[in-house]
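Now for the letters of each chain:
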Amino acid sequence: NAGVTQTPKFQVLKTGQSMTLQCAQDMNHEYMSWYRQDPGMGLRLIHYSVGAGITDQGEVPNGYNVSRSTTEDFPLRLLSAAPSQTSVYFCASSYSGQGKVLGYGYTFGSGTRLTVV
Amino acid sequence: GIQVEQSPPDLILQEGANSTLRCNFSDSVNNLQWFHQNPWGQLINLFYIPSGTKQNGRLSATTVATERYSLLYISSSQTTDSGVYFCAVRRGGGKSTFGDGTTLTVKP
């Protein structure tokens with residue numbers, strides 16, 4: 001049982017390049033989300049999904065796209081990387097709680113450290 | 001959206017001391033968690049506690065949902081407790097909101 005797997009762990013991009021951060025979970029969680037954490041700050045929600053085919057924006061969505069074609073995968077795409085997107089990115093998953101007993105919390109991936117130069 | 005305030009922002013303790021961290025939130029929630037981010041950046045679930053009290057070893061947490069706050073207690077602190085403690089809340093299946101965290105430093 002791998003939990004939440006994020007790849008890559010480290011990435012350096014040049015300004016204007018695009019890339020996809022991968023996130024996969026094997027717990028059959030409906031809810032998946034992407035956060036960014038800037039130095040000395042808390043986590044800010046980028047995008048989230050409450051199930052396959054359903055995505056929505058979080059607090060800081062600009063410059064990022066997501067899709068959720070399967071329950072397991074929730075990739076985050078940077079369309080044209082900018083230095084302001086230098087950050088550590090965390091993917092998380094949980095049961096959505098809709099219609100279920102809310103007895104579950106988040107599981108986080110180990111993070112992707114992205115530097116845009 | 002829901003506002004989450006954590007206090008204190010920073011806390012320095014001597015090993016063996018006890019501490020209480022607080023999380024206030026501005027609206028009713030049905031999902032509240034405490035996390036520990038260790039100095040290597042790894043996020044660890046501590047408690048899922050939308051209401052009531054839970055204990056796990058030296059750590060315990062209490063959430064009073066009607067008064068919109070949660071407390072995390074750390075007893076007999078150890079240097080390995082150092083890091084940042086986050087509170088995160090969510091309503092239903094929607095957006096989640098994290099507080100800015102409490103940075104705990106435990107000195108030997």
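Everything that follows concerns the structure shown earlier in this document.
**Student:** In this structure, what is going on with the packing of aromatic side chains? I would like to understand it.
**Tutor:** Aromatic ring pairs are defined here through the distance separating the ring centres and the angle between the ring planes. In this structure the tally under the stated criterion is nine aromatic pairs over all chains. On the numbers, 6.3 Å between centres and 75° between planes, the contact of F86 of chain B with F98 of chain B is edge-to-face. Here F98 of chain B lies in strand β10 (residues 96-98) and F86 of chain B lies in strand β9 (residues 83-90), a separation of 12 residues in the sequence. Taken individually, F86 of chain B and F98 of chain B each receive the classification buried, so the pair is uniform in this respect. Members of the aromatic cluster, each reached through a chain of ring pairs, are Y35, F90 and F108 of chain A together with F35, F86 and F98 of chain B. Between R68 of chain A and the ring centre of F74 of chain A, over which it is positioned, the NZ or CZ distance is 5.9 Å. The residue whose ring lies beneath R22 of chain B is Y69 of chain B, and the NZ or CZ to ring-centre distance is 4.2 Å.

**Student:** Mind showing me how you'd approach the layout of surface pockets here?
**Tutor:** For the largest pocket, the calculated volume is near 550 Å³. Mapped onto the lining of the largest pocket, the elements with two or more residues apiece are β9 (87-94) and β11 (112-116) of chain A together with β9 of chain B. Considered as a void within the structure, the second largest pocket measures approximately 440 Å³ in volume. As for the second largest pocket, its lining consists of 20 residues, of which E59 of chain A together with I2, S96, T97 and F98 of chain B are closest to the centre. When residues of the lining of the second largest pocket are traced back to their parent elements, those giving at least two are β5 (43-51) of chain A together with β10 of chain B. Its residues assigned to classes, the lining of the second largest pocket comprises seven nonpolar, eight polar and five charged.

**Student:** I keep staring at the nonpolar core and nothing clicks. Help me out?
**Tutor:** Generally speaking, a soluble globular protein has its nonpolar side chains buried in company with each other. In terms of nonpolar packing, the biggest core is built from 21 residues, with W34 and V89 of chain B touching the most fellow members. At the level of secondary structure, the elements contributing two or more residues to this core comprise β2 (10-14), β3 (19-25), β4 (31-37), β7 (59-64), β8 (69-74), β9 and β11 (102-107) of chain B. Grouped together as the second largest cluster of nonpolar side chains are 20 residues, V4, L21, M27 and V66 of chain A included.

**Student:** What should I look at first to understand the environment of G53 of chain A in this one?
**Tutor:** As for its placement among the helices and strands, G53 of chain A is situated in the loop between β5 and β6 (54-57). Each C-alpha atom of the pair G53 of chain A and E72 of chain A lies 12 Å from the other, and the pair is 19 residues apart in sequence.

**Student:** Which parts of the structure should I look at to understand the sheet that holds β7 of chain B?
**Tutor:** What holds strands together in a sheet is hydrogen bonding between their backbones, with the strands either parallel or antiparallel. Residue and element names in this part refer to chain B. Read across the sheet, five strands follow the order β1-β3-β8-β7-β6 without closing on themselves; strand pairing throughout is antiparallel. The two strands at the open ends of the sheet, each matched to only one other strand, are β1 (4-7) and β6 (52-56). When the angles between neighbouring strand axes are averaged without regard to direction, this sheet yields 15°. Looking at chain direction, β6 and β7 are connected through five bridges and run antiparallel.

**Student:** Which parts of the structure should I look at to understand the state of the cysteines?
**Tutor:** What is meant by a disulfide is a covalent connection between two cysteines, made through their sulfur atoms. Within this structure, the stated rule accounts for two disulfides over all chains. Across the disulfide, C23 of chain A is cross-linked to C91 of chain A (sulfur-sulfur distance 1.8 Å). The disulfide joining C23 of chain A to C91 of chain A has a torsion of about -70° about its S-S bond and is therefore left-handed. Separated by 68 residues along the polypeptide, C23 of chain A in strand β3 (residues 19-25) and C91 of chain A in strand β9 bring together distant segments of the chain. For C23 of chain A, a relative accessible area of 1% translates into the label buried. A residue is classified by how much of its surface remains accessible, and C91 of chain A, at 0% relative accessible area, is buried. Across the disulfide from C23 of chain B sits C87 of chain B; the S-S distance is 2.0 Å. Across the S-S bond of C23 of chain B and C87 of chain B the torsion is about -55°, and the bridge reads as left-handed. Here the residue C23 of chain B occupies a position in strand β3, and C87 of chain B occupies one in strand β9, the gap between them amounting to 64 residues. We note that C23 of chain B, like C87 of chain B, is buried.

**Student:** Help me understand the side chain of S70 of chain B, please; the structure alone is not making it clear to me.
**Tutor:** All names here are of chain B. Its location among the elements puts S70 in strand β8. Of the residues examined, S70 reaches a relative accessible area of 0% and is grouped as buried. Within the structure, S70 has its side chain in polar contact with the side chain of T63 (distance 2.8 Å). Ignoring sequence-local partners within four residues, the contact set of S70 consists of L21, R22, C23, F25, L32, W34, I49, T62 and T63.

The rules we used
- Throughout this document, residue positions are counted from 1 along each chain, in the order its sequence is written.
- Chains carry letters from A onward and ligands carry numbers from 1 onward, assigned in written order.
- Local features in this predicted model are restricted to residues whose pLDDT is 70 or higher, and side-chain atom pairs enter the listing and the counts only when it is 80 or higher, whereas totals over whole chains, interfaces and linings include all residues.
- Derived side-chain values reflect all non-hydrogen atoms in the structure, with water molecules and hydrogen atoms excluded from consideration.
- A pair of aromatic rings is counted whenever rings of Phe, Tyr or Trp (Trp by its six-membered ring) have centres within 6.5 Å, and the orientation is called stacked for planes under 30 degrees apart, edge-to-face for over 60 and tilted otherwise.
- Helix numbering and strand numbering both begin at the N terminus, where a helix is a DSSP run of H or I of at least 4 residues and a strand a DSSP run of E of at least 2.
- Only protein chains enter the accessibility calculation, which uses a 1.4 Å probe; a residue is then buried when its area is under 20% of its type maximum, exposed when over 50%, and partly exposed in between.
- Consider the ring centre and the ring normal. A charge sits over the ring if Lys NZ or Arg CZ is within 6 Å of that centre and within 35 degrees of that normal.
- Residues are said to line a cavity or pocket when one of their atoms sits within 4 Å of a point; the points come from a 1 Å grid over protein atoms alone, cavities being sets where a 1.4 Å probe fits but cannot get out and pockets being open sets with protein on both sides within 12 Å along at least five of seven lines.
- Grid points are joined across faces, edges and corners, and a volume is the space filled by probe spheres set on the points.
- Nonpolar residues are Ala, Val, Leu, Ile, Met, Phe, Trp, Tyr, Cys and Pro. Charged residues are Asp, Glu, Lys and Arg, and all others, Gly as well, are polar.
- What makes a nonpolar core is a set of buried Ala, Val, Leu, Ile, Met, Phe, Trp, Tyr and Cys residues whose side-chain atoms join them at distances within 4.5 Å.
- Whether two strands pair comes down to DSSP finding at least two bridges between them.
- Axis angles are defined between N-to-C directions and span 0 to 180 degrees, where every axis is a line fitted to C-alpha atoms and, for a helix, only to the segment in contact.
- Cysteine sulfur atoms are paired as a disulfide whenever they fall within 2.5 Å.
- N or O atoms closer than or at 3.5 Å make up a polar contact, with two conditions inside protein: a donor-capable atom paired with an acceptor-capable one, and, for residues adjacent in sequence, both atoms drawn from side chains.
- By definition in these notes, contact holds between two residues if any of their heavy atoms fall within 4.5 Å.

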